[in-house]
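# Descriptive structure summary
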Amino acid sequence: LDDLQWADPASLAVITRLLLAPSSPRFLFVGSCRDDEMSENHPVWNMKETVEQTGVNTRIFELSSIDNNTVNSMISDLLCLFPRRTRRLADIIHLKTRGNPLFLSRLLVSLGENGLLRFSLSRRRWSCDEAK
């Protein structure tokens, strides 16, 4: 379940009941949230604590932003170009997305849909209008 930071108390109560239900001992729940948008006393943390107190195992996997070099490697692989040819585009994309993987993929799709990232038949490679 995505974006738990915006879940209302009633929804969190339902999730808690599902997690604590004795009839579902092998229930796997995967939830995601943006912890930078939540205070320490956010209801999601309270739900997690309540569930843990009853013996339910929980795990937190923290996903971080992608660094500039990794963005460049991804774009280089995606466009089948040498990393030195994609560096400037990677710098721009990293700056605009701050390394957020979702924003990165959406921006690349948007660049393609809007014709800013296109395959040049004459040059036989991808090119990008970096000025726009």
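Relevant structure appears above.
Counting restarts for each chain: residues are numbered from 1 in the order of the written sequence. pLDDT decides what is reported in this predicted model: residues at 70 or higher carry local features, side-chain atom pairs at 80 or more are listed and counted, and totals for whole chains, interfaces and linings draw on all residues regardless. The side-chain numbers reported here are obtained from all heavy atoms of the structure, hydrogens and water having been left aside.

## With respect to the environment of Val30
As a reminder of what qualifies: Runs of H or I in DSSP of at least four residues are treated as helices and runs of E of at least two as strands, each being numbered from the N terminus.
With respect to the helices and strands, the residue Val30 is situated in the loop between helix 1 (9–20) and helix 2 (43–53). In this structure the C-alpha to C-alpha distance between Val30 and Thr58, which are 28 residues apart in sequence, comes to 9.7 Å.

## Overview of the packing of helix 3 (residues 68–79) against helix 4 (residues 83–97)
For clarity, the cut-off: The axes used here are C-alpha line fits, helices contributing only the stretch in contact, and every angle between their N-to-C directions lies in the interval 0 to 180 degrees. Should an angle lie under 35 degrees it is considered roughly parallel, over 145 roughly antiparallel, and from 65 to 115 roughly perpendicular; all remaining angles are considered oblique. Left-handed describes a crossing whose near helix is turned anticlockwise from the far helix by less than a right angle; the clockwise case is right-handed. The contact criterion used throughout is that any non-hydrogen atoms of two residues lie within 4.5 Å. When residues are grouped by polarity, Ala, Val, Leu, Ile, Met, Phe, Trp, Tyr, Cys and Pro land in nonpolar, Asp, Glu, Lys and Arg in charged, and all others, Gly among them, in polar.
In the contact formed by helix 3 and helix 4, the axes pass within 8 Å of each other and the chain directions differ by 125°. With respect to helix 4, the axis of helix 3 lies oblique. Crossing angle aside, the handedness with which helix 3 passes helix 4 is right-handed. Counting all contacts with helix 3, which are made through Asn68, Asn69, Val71, Asn72, Ile75, Ser76 and Leu79, the residues of helix 4 involved are Pro83, Thr86, Arg87, Leu89, Ala90, Asp91, Ile93 and His94. Looking at the contact of helix 3 with helix 4 residue by residue, the classes come out as seven nonpolar, six polar and two charged.

## A closer look at the pattern of salt bridges
A side chain of one charge can pair with a side chain of the opposite charge when the charged atoms of the two come close. For the record, the criterion: Basic side-chain nitrogens of Lys or Arg form a salt bridge, by our definition, when they fall within 4 Å of a carboxyl oxygen of Asp or Glu. To sort residues, take the accessible area from a 1.4 Å probe on protein chains only and compare it with the maximum for the residue type: under 20% means buried, over 50% means exposed, and anything in between is partly exposed.
Under the definition given, this model contains two salt bridges. With a shortest N-O distance of 2.5 Å, Glu52 and Lys48 are connected by a salt bridge. In this pair, Glu52 and Lys48 both sit in helix 2, four residues apart, roughly one turn of the helix. The partly exposed category is assigned to Lys48, whose relative accessible area is 22%. Taking the shortest distance from any N to any O, the salt bridge between Arg87 and Asp91 comes out at 3.6 Å. Taken together, the residues span about one helical turn, with Arg87 and Asp91 both in helix 4 at a distance of four residues.

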